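Inside the fold
Below are the chains, spelled out letter by letter.
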Amino acid sequence: MTIAIRPRTEDDIETCVRVLMDVHRQDGYPVNWPDRPEEWLSSGSPLGVWVAELAGRVVGHVALARSGAGDVAPGLWSERTGKSASLTAVVGRLFVGPAARGHGAGALLIGRAVEEARRRGLHPVLDVVASDTAAAALYERLGWERLATVEQRWGPAQVVAVHCYAAA
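Here's a quick rundown of the structure. (Residues numbered from 1 in each chain as written. Predicted model: local features only at pLDDT ≥ 70, side-chain atom pairs only at ≥ 80, totals over all residues. Heavy atoms only, no water.)

One pass over the full model with this rule turns up 3 aromatic pairs. For the pair Tyr 139 and Trp 144, a centre-to-centre distance of 6.2 Å together with 50 degrees between the ring planes defines the contact as tilted. For the pair Tyr 139 and Trp 144, one class covers both residues: buried. The positively charged end of Arg 93 is found above the aromatic ring belonging to Trp 40, 3.9 Å away from the centroid. (Phe/Tyr/Trp six-rings, centres within 6.5 Å; stacked < 30°, edge-to-face > 60°. Buried < 20%, exposed > 50% of the residue type's maximum accessible area, 1.4 Å probe, protein only. Lys NZ or Arg CZ within 6 Å of the ring centre and 35° of its normal.)

Below, the structure written as structure tokens:
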């Protein structure tokens, strides 16, 4: 079966939330389930948002955004390259439903976000919780470079180790 990547529409949000719930149950992503998952999927300053379809059904999602408060990867990329962090775009909100994995949807979604970042003259970066070894393996297989692993405070009693990556 072929995966199709297309821009996300408002009509896709409800399905995306259902797929995200399946991902959260199986993989624990996102680490903290949002009170309003619809808003979480659309937060930030989006430069583009896409879905993956398999057999006409939405099975995955990715967003590309300007960096926001708490994004560490843009600063790390800036330190490494000597270029402004404003020249980055953050790949995020990436997930593929458990039942649709193994068809290449994750790589295609990342590829679409990277293509858009580069079209805009921006360098793609991202972060992933260190415990998400499958996602980290995917990024590394696609040639992304791990910039650092940092600890972030996500709440009064929650510190999370995060791997920060930059596209090749």
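Attention shifts here to the environment of His 24. Along the chain, His 24 turns up in helix α1 (residues 13-27). Sequence separation between His 24 and Phe 95 is 71 residues, and the spatial gap between their C-alpha atoms is 9.6 Å. Leave out the neighbours within four places in its chain, and His 24 touches Tyr 29, Pro 30, Val 31 and Trp 33. There is a polar contact of 2.8 Å between the side chain of His 24 and the backbone oxygen of Pro 30. (Helix = DSSP H or I, 4+ residues; strand = E, 2+ residues; numbered from the N terminus. Contact = heavy atoms within 4.5 Å. Polar contact = N/O pair within 3.5 Å; in protein donor to acceptor, adjacent residues only side chain to side chain.)

What follows is about the sheet that holds strand β7 (residues 158-166). Spatially, β1-β2-β3-β4-β5-β7-β6 is the arrangement adopted by the 7 strands of the open sheet, whose pairing is mixed. The outermost strands of the open sheet, each flanked by one partner alone, are β1 (3-7) and β6 (145-155). Strand-to-strand twist of the sheet, defined as the mean angle between neighbouring strand axes without regard to direction, takes the value 30 degrees. Of the strand pairs in this sheet, strand β3 (residues 57-65) and strand β4 (residues 88-96) are connected by 5 bridges, and their pairing is antiparallel. The residue bridging Ala 65 from the neighbouring strand is Val 90, located in β4. Each of β4, β5 (123-129), β6 and β7 is contacted by helix α5 (residues 133-141), which is oriented at about 15 degrees to β7, the strand it contacts most. (Pairing = 2+ DSSP bridges. Axes fitted to C-alpha atoms, helices over the stretch in contact; angles between N-to-C directions.)

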